[in-house]
Amino acid sequence: MQRTKTLAKDFPPDVQERLHEYSRWATRAGDKRWKKYASEGTKNDSERDRKGPEDPQLRSPASLLLQLRAGFGVSAKADVLAFLLGIEGQTATTRQATEATGYSRATISGALEDLVRADFIEKSGGRPAEYRAPVRSWMALLHRSETAEQTRETGVPKWRYWAQVFAFLTRVREWAHEAESLSKYMASTRARDLFEEFGGAFDANRIQVPSPAGHQGAEYLEGFQNAIERIVQWVPAHL
């Protein structure tokens, strides 16, 4: 829940309002942890069907995070392990894991150290320390050998920084409404600020988008439109 609140800060108010809506659905379904947030916001949602699948299938590549949460509980440990598995044997620092998962640095630091202590992941002796998950060993434990062909080698989905990408797109929608009443120069300036705020997510996801540095003044509006189009094309291709 704290992670959800942390991630929500990057989204505009109308998206945050939907979080309150979701909280009311969750509370009605019996999860009282969301009760506090269910009482906030505008109550304009309708009653939803509470019945879900009785036996969810958790062995497909896309359900890795849900499978780990089912085993470890909904916690930072499950999420940071999914992140380390999703970067396919590469190492990551505490800072990188924090940015990827949306938890606080202290929470992720504690989770990583507990996983190392349990011998579930490996830790380097450098400064800053880097962490790595033995992917193939974990995939065998999670019974994913039969799905390996679907993701070429390991059977684990690559980690994508979805929260940041979705936050960017919702902020673009907000920017588009605001830009209607701005000059082209001011709209371009706001677009540059938005790009700089989320530029790290494009790099992390390896999305090739035009940099504002290559455009002067209002000329960047065209480049920004190009960037949005590329990101919109990238999303369904990597879901």
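Residue indices begin from 1 for each chain and proceed along its sequence in written order. It should be noted that, the model being predicted, local features are given only for residues of pLDDT at least 70 and side-chain atom pairs only at 80 or more, the latter also being counted only at that level, while totals for whole chains, interfaces and linings use all residues. Based on all heavy atoms of the structure, the side-chain values leave hydrogens and waters out of the count.

Student: Is there a simple way to explain the packing of helix α10 (residues 184–204) against helix α11 (residues 220–238) in this structure?
Tutor: Helix packing for two helices is described by the angle between their axes and how far apart those axes are. It is the contact of α10 with α11, at a shortest axis distance of 9 Å, that shows an interaxial angle of 40 degrees. The chirality of how α10 crosses α11 is left-handed. The residues of α11 that touch α10, namely those facing K184, A187, S188, A191, R192, L194, F195 and F202, are Y220, L221, F224 and I231. Broken down by class, the residue content of the contact of α10 with α11 amounts to nine nonpolar, one polar and two charged. Lines are fitted to the C-alpha atoms to define the axes, a helix being fitted only along its stretch in contact, and any angle between axes, read from their N-to-C directions, falls within 0 to 180 degrees. For helices the rule is a DSSP run of H or I covering at least 4 residues; for strands it is a run of E covering at least 2, with both sets numbered from the N terminus onward. A clockwise turn of the near helix away from the far one marks a right-handed crossing, whereas an anticlockwise turn of less than a right angle marks a left-handed crossing. We call two residues contacting when some pair of their heavy atoms lies within 4.5 Å. In this classification, the charged set is Asp, Glu, Lys and Arg, the nonpolar set is Ala, Val, Leu, Ile, Met, Phe, Trp, Tyr, Cys and Pro, and all remaining amino acids, among them Gly, are polar.

Student: Just to check I follow, could you spell out the sheet that holds strand β3 (residues 130–132) for this structure?
Tutor: Backbone hydrogen bonds hold the strands of a sheet together, and the pairing may be parallel or antiparallel. Should DSSP find at least two bridges between two strands, the strands are regarded as paired. Strand order in the open sheet made by the three strands is β1-β3-β2, with antiparallel pairing throughout. This sheet does not close on itself; its edge strands, each paired only once, are β1 (92–93) and β2 (122–123). Here β1 runs beside β3; their pairing, made up of two bridges, is antiparallel. What sits directly across from T93, in β3, is E130.

Student: Explain the side chain of Q164 here, please?
Tutor: Here Q164 lies in helix α9 (residues 162–179). Classification of residues uses two cut-offs on accessible area relative to the type maximum, computed with a 1.4 Å probe and protein chains only: under 20% is buried, over 50% is exposed, and between them is partly exposed. Overall, the relative accessible area of 18% leaves Q164 in the buried class. With sequence-adjacent residues up to four places away left out, Q164 is seen in contact with E99, F198 and A201.

Any functional reading would require information beyond the geometric quantities listed.
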